[in-house]
Amino acid sequence: MSIHLNLFMLLPGHHDSAWLHPGCDSARVTDIHYYLELARLAERGLLDSVFIADALWHKPRSNYCGGLEPLTVLSGLALGTEHIGLIATASTSYYEPFHLARMFSSLDHISGGRVGWNIVVSNSVNEARNFNRPAMLPHQQRYDRADEFLAVAHRLWESWDEDAVVRDRANGHYTDPDRIHRIDHQGEYFAVRGPLNIQRSPQSRPFLVQAGASEAGRSFAARHADAVFTVQENVRDGARFRTEMRRRAAANGRTVKVLPGLIPIVGATQAEADEKKRELTGLQAVDYALEHISMMLNVDITDCAVDAPFPVERLPPADSIQGNRTTYELITGMARRLGTTVGDIIAHQGFGRGHLVVAGTPERIADVIGTWVGEGAADGFNLMPAVFPAGLADFVDEVVPLLQERGLFRTKYDETLLRRRYE
Ligand SMILES: Cc1cc2nc3c(=O)[nH]c(=O)nc-3n(C[C@H](O)[C@H](O)[C@H](O)COP(=O)(O)O)c2cc1C
């Protein structure tokens, strides 16, 4: 049994200042050949899958430099790779189920059964404003819509029986119409007649991933997701979260894999890894970081000094946050518990927004992975290199062989279908 390793391919890297790093080729964020080089590198390391995030608006001055649309990227990656799973983010708040069911089915055909969908409900009002709406649907309603979206998508993916294509030359029938079904869905958010206009794909449906951490998000994930991406800071909380998600999924007769984010900073020595970390923090633009945190927390803290205590008293109550509650909880929890300064929060958020950062030798990173898996805190990890391509190459070349030596990770690809690989 292998642990699962997914590559979170966010260009130019998961550190907020990745693009300023001398080792980063940030001009290539719209170059499909660059995405392909990275996916092949991940495939050389036998990783389970690569995943591409998405947001439907432009974040001014953000680290995210305006890269390619994820579903489009996956078509390119599907043709240039052989084994690795390909997961794209798409929002149930702004697409229609027919669109996504069709696109993921197409990609499943193109990739030979390697496609996955990271289901998001979207959490910024700026996205709503790009789709004819002055405001987002409230948090719970976004998840209600997502639930109905998934129900419709599943019925569309199943609308062609596996043997619907008969290619009966004698009678001139390409398909058997009795094996292709309308769905006639009438619900609160969608009215969809069906059937889908493409035949069943190798996996029938994509591998499904979800990362919502709120009550509504967890309950949704337990009903729909094959795997969950999560932000976990320590083994104890990670184990508690994984136990809870497995219990919730089991109550729905399902299983789910839990993949916390991990930012590995690999050094030949501990001192070298620590120095790599310091170098990235030193590249951070303070005014951008303050704007970003203000936006996440729905409060203006742009007037704060870096060495001042983080102003917890100015924060709005949690239930007033309609956007990303998980990040809100992480930042406020840290500030309340540790009495951190504004600068500490900026440095912390700079590294992948609260995900586990492990700076150390390959042995230390392999130890941490082994401990989390051994303690039941993870089924594997969502790898988030601070800077591409170096952070990924270090992991593939230095850490993967150790995981293999320790019997934790596969030494060859076996399953072709992505869903099977994660079972
Ligand atoms: C690893 C990871 C990747 C995520 N990727 C995306 C993404 O690409 N697009 C997006 O809108 N949200 C993304 N999210 C945010 C989640 O979908 C979710 O909105 C967030 O965790 C807050 O949870 P909640 O909506 O249940 O409060 C991601 C979260 C995590 C932990």
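The structure displayed is predicted, hence computed values, not measured ones.

1. Some points on the overall build of the chain
Next, step 1: Per the secondary structure count, the chain includes 14 helices and 13 strands.
Next, step 2: Since a compact globule built from 423 residues should have a radius of gyration of about 22 Å, the 22 Å found for the chain is in line with a globular shape.
Next, step 3: Dimensions of the chain, computed from C-alpha atoms along their principal axes, come out at roughly 80 × 50 × 45 Å.
Next, step 4: Split into buried and exposed, the 423 residues of the chain put 54% on the buried side.
Next, step 5: Look at the contacts in the chain between residues 6 or more apart in sequence, and 76% of them connect residues 24 or more apart.
Next, step 6: Accessible surface computed for the chain: about 18000 Å², of which carbon and sulfur atoms make up 50%.
Next, step 7: Separation of charge centres in the chain, based on 44 positive and 53 negative side chains, amounts to 4 Å.

2. Here we look at the site of the ligand
Next, step 1: The environment of the ligand is formed by 22 residues, the closest being A53, D54, Y143, A211 and S214.
Next, step 2: The contact in question runs from an oxygen atom of the ligand to an N or O atom on the side chain of H139, over 3.2 Å.
Next, step 3: The fraction of the free accessible surface of the ligand (620 Å²) that becomes covered by protein chains is 91%.
Next, step 4: If you list the elements that add at least two residues to the shell around the ligand, you get β4 (115-120), α5 (139-157) and α10 (325-338).

3. Considerations on the pairing of strand β2 (residues 49-52)
Next, step 1: Burial along β2 is two-sided: the face carrying S49 and F51 and the face carrying V50 and I52 are both buried.
Next, step 2: Note that strand β1 (residues 4-8) and β2 share three bridges and pair parallel. Within the sheet, the bridge partner assigned to N6 lies in β2 and is S49.
Next, step 3: Taken together, β1, helix α1 (residues 32-44) and β2 constitute a β-α-β crossover, and its handedness is right-handed.
Next, step 4: In the sheet, β2 pairs with strand β3 (residues 85-91) via four bridges, with the strands oriented parallel. Within β3, the position partnered with I52 by the bridge is A88.

4. Some points on unusual backbone geometry
Next, step 1: Residue P195 follows G194 across a cis peptide bond; omega there is -10°.
Next, step 2: Mapping P195 onto the fold places it in the loop between β8 (191-192) and β9 (207-210).
Next, step 3: Residue R167 is not a glycine yet carries a positive backbone phi of 45°.
Next, step 4: As for its position among the elements, R167 is in strand β5 (residues 165-168).
Next, step 5: What makes R167 exposed here is its relative accessible area of 53%.
Next, step 6: Residue S204 is not a glycine yet carries a positive backbone phi of 70°.

5. Considering the nonpolar core
Next, step 1: Of all hydrophobic cores here, the largest spans 76 residues; its most connected members are M9, L77 and W117.
Next, step 2: Per-element tally for this core: the top contributor is α5, with eight residues.
Next, step 3: In terms of nonpolar packing, the next biggest core, distinct from the first, is built from 23 residues, F8, C24, L280 and Y422 among them.

6. Considering helix α9 (residues 286-297)
Next, step 1: An ideal rise of 1.5 Å per residue puts 16 Å on twelve residues; α9 measures up with 16 Å between its terminal C-alpha atoms.
Next, step 2: Considered for burial, the residues of α9 that qualify are Y288, A289, L290, H292, I293, S294, M296 and L297.
Next, step 3: The elements touched by buried residues of α9 are α10 and α11 (342-350).
Next, step 4: Phi turns positive, to about 60°, at N298, one or two residues after α9.

7. Re the pattern of salt bridges
Next, step 1: Evaluation of the coordinates by the stated rule reveals 22 salt bridges.
Next, step 2: The residue R44 makes a salt bridge to D397 at a minimum N-O spacing of 3.0 Å. Residue R44 is located in helix α1, and its partner D397 is located in helix α13 (residues 390-405); the two are separated by 353 residues in the primary sequence.
Next, step 3: Given the relative accessible area of 54%, R44 is considered exposed.
Next, step 4: Exposure remark for D397: the relative accessible area of 38% places this residue in the partly exposed category.
Next, step 5: Across the pair E162 and R200 runs a salt bridge, and its minimum N-O distance is 3.8 Å. Within this pair, whereas E162 is found in the loop between α5 and β5, its partner R200 is found in the loop between β8 and β9, the two being separated by 38 residues in sequence.

8. Things to note about the pairing of β4
Next, step 1: The buried count for β4 comes to five of six residues, which makes it a mostly enclosed element.
Next, step 2: Of the strand pairs in this sheet, β3 and β4 are connected by six bridges, and their pairing is parallel. Note on β4: the bridge partner recorded for I87 is G116.
Next, step 3: Traced from β3 through helix α3 (residues 97-111) to β4, the parallel crossover comes out right-handed.
Next, step 4: Pairing geometry for β4 and β9, over four bridges, is parallel. When the bridges of β9 are listed, I119 appears paired with Q210.

Cut-offs and rules
- Residues numbered from 1 in each chain as written.
- Predicted model: local features only at pLDDT ≥ 70, side-chain atom pairs only at ≥ 80, totals over all residues.
- Heavy atoms only, no water.
- Helix = DSSP H or I, 4+ residues; strand = E, 2+ residues; numbered from the N terminus.
- Rg over C-alpha atoms; globule rule 2.2 N^0.38 Å.
- Buried < 20%, exposed > 50% of the residue type's maximum accessible area, 1.4 Å probe, protein only.
- Contact = heavy atoms within 4.5 Å.
- Areas by Shrake-Rupley, 256 points an atom, 1.4 Å probe, with all protein chains shown as cover.
- Lys, Arg positive; Asp, Glu negative; His and termini not counted.
- Charge placed at Lys NZ, Arg CZ, Asp CG, Glu CD.
- Near = heavy atom within 4 Å.
- Polar contact = N/O pair within 3.5 Å; in protein donor to acceptor, adjacent residues only side chain to side chain.
- Pairing = 2+ DSSP bridges.
- Right-handed = clockwise from strand over helix to strand, strands pointing away.
- Core = buried A, V, L, I, M, F, W, Y, C linked by side-chain atoms within 4.5 Å.
- Expected span 1.5 Å × (residues − 1).
- Salt bridge = Lys/Arg side-chain N within 4 Å of Asp/Glu carboxyl O.

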